[in-house]
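Chains, contacts and geometry: an overview
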Amino acid sequence: MNIQSILRSALVLVQLNFLSVRADAELPTAAPGTAARAYLEVPDTGDGMTRIPVSVFRGDKDGPTLALIAGTHGYEYAPMVALQHVGRRINPKDLSGTLIMVHVANMPSFHQRTIYYGPVDGKNLNRAYPGKPDGTLSERIAHIITTQVIEKADYVIDMHSGDGNEALRPYIYMPRTGDLQLDAKIKSMALAFGIDHIVIDERPVSAPDATVFTDMTALSRGIPSMTTEAGQLGSTDPHWVDINVMGAMNVMRHLGMLPGEVIPPKPTVWLKGYQVVTSPENGFFRPAVKDGYAIAEGGILGELVDHFGTHIATIHAPFAGVVNYVVATPPVRFGEPLAMVSKLAEEEN
Ligand SMILES: [Zn+2]
């Protein structure tokens, strides 16, 4: 058996567990005041199939549709656990509008415990948008989420954490598109989520058919969106889960979907101009900093050594700022992230 057929067999075994909840090609509908759950089918076009677990909570009263997407990267567990908690806390009778939750966007990555890349096609789901109906498995997942979730939502949050190898200080990527109305909605949503490090993310809005990222797929369709990062290193510790639960509940209060006040955000540390520092070689990384550290321009982020411990390179910060995340387990490959650093910015809450 080659590796692809082994992986495919593993996916088939995993799929046996899916059968208690119905599978569907389309997002399930729910009557007012009720909830529905299903597995969205991603059909096999040559490299296997998968299914995406989704919930739809439809409120008794009208209101916006919010989509929360967890598990774009399958080793980022805190947001997935958080959505299970959110599902238990929401009574559709108390809800205004509709909450769509994607519990695990990237099931192949989840079940094979891969970081960054899907195990079947080696693609990063958060670089595969808006996807293709006849593409590889990651591209087909992206296509289903684009058409069945993102395009049905008024607001979209792609909920990440540090991946299985990343120690990460919680932060939000807050897109700044230049569209003042859209940007105001995004900013108020980011502040409501309540994570006190916000990275202003100035990327031009792509064409709708060339969006690459989950959040950009929403933005290019005029839908306010952001990416949250809370959790790290495969942990399901309640400390990380609760940040995600609080954020989701706060945003629903902010949008008028749930009664109650938004718990006011702490003073925010604004950041911009982020840079991901990548590895110059394959090797063994020894971080010299922790997530959230302040660092000077040229400050040492870590040392790259070979497998015998011999020095290869010292890794420096490109500018003074905050370490948003740092790779905290040894294996690194050429061109992959070692750390992300952002500059302090001035911005009003
Ligand atoms: Zn991620």
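In what follows, the accompanying structure is described. Treat the numbers as computed from the prediction; the structure is a model and nothing was measured.

Analysis parameters
- Residues numbered from 1 in each chain as written.
- Predicted model: local features only at pLDDT ≥ 70, side-chain atom pairs only at ≥ 80, totals over all residues.
- Heavy atoms only, no water.
- Salt bridge = Lys/Arg side-chain N within 4 Å of Asp/Glu carboxyl O.
- Helix = DSSP H or I, 4+ residues; strand = E, 2+ residues; numbered from the N terminus.
- Buried < 20%, exposed > 50% of the residue type's maximum accessible area, 1.4 Å probe, protein only.
- Phe/Tyr/Trp six-rings, centres within 6.5 Å; stacked < 30°, edge-to-face > 60°.
- Lys NZ or Arg CZ within 6 Å of the ring centre and 35° of its normal.
- Polar contact = N/O pair within 3.5 Å; in protein donor to acceptor, adjacent residues only side chain to side chain.
- Contact = heavy atoms within 4.5 Å.
- Donors = N, O, S within 2.8 Å, 3.2 Å for Na, K, Ca; no water.

Attention now moves to the pattern of salt bridges. Under the counting rule described, the total for this entry stands at twelve salt bridges. Among the ionic pairs, Glu 139 bridges to Lys 123, the shortest N-O distance being 3.1 Å. On the criterion of sequence distance, the pair formed by Glu 139 in helix H4 (residues 137–148) and Lys 123 in the loop between helix H3 (107–112) and H4 is long-range, its members being 16 residues apart. Looking at Glu 139, the relative accessible area reads 11%, which means it is buried. Classification of Lys 123 by relative accessible area gives partly exposed; the value is 31%. Its salt-bridge partner being Glu 303, residue Arg 286 comes within 3.6 Å of it at the nearest N-O pair. Here Arg 286 is found in strand S12 (residues 283–287), whereas its partner Glu 303 is found in strand S14 (residues 300–305), with 17 residues between them in sequence. The exposure class of Arg 286 is partly exposed, given its relative accessible area of 40%. A cluster of three or more residues bridged by salt bridges with shared partners is formed by Lys 123, Lys 132 and Glu 139.

Enumeration over the complete set of coordinates arrives at five aromatic pairs. Site record: aromatic cluster; members linked through ring pairs are Tyr 75, Tyr 77 and Phe 110. Positioned above the aromatic ring of Phe 213 is the side chain of Arg 203, whose terminal nitrogen or guanidinium carbon lies 4.6 Å from the ring centre. Cation over ring: Lys 343 sits above Phe 319, and NZ or CZ is 4.7 Å from the ring centre.

On to the side chain of Ser 55, then. With respect to the helices and strands, Ser 55 occurs in strand S3 (residues 50–58). Take Ser 55: its relative accessible area is 5%, and that puts it in the buried class. Engagement of the side chain of Ser 55 in a polar contact is seen with the side chain of His 103, the distance being 2.7 Å. Every residue in contact with Ser 55, bar those within four places of it in the chain, is listed here: Ala 36, Arg 37, Leu 99, Ile 100, Met 101 and His 103.

Looking now at the coordination of the zinc ion. Every protein donor of the zinc ion is listed here as His 73 (ND1), Glu 76 (OE), Glu 76 (OE) and His 160 (ND1), and their distances to the metal cover 2.0 to 2.3 Å. Here the donor residues of the zinc ion are spaced in sequence according to H-x2-E-x83-H. One end of the pair, Glu 76, is in the loop between strand S4 (61–70) and helix H2 (77–89); the other, His 160, is in strand S6 (residues 155–160), and 84 residues separate them in sequence. Of the residues examined, Glu 76 reaches a relative accessible area of 3% and is grouped as buried. Residue His 160 is classed as buried on the basis of its relative accessible area of 1%.

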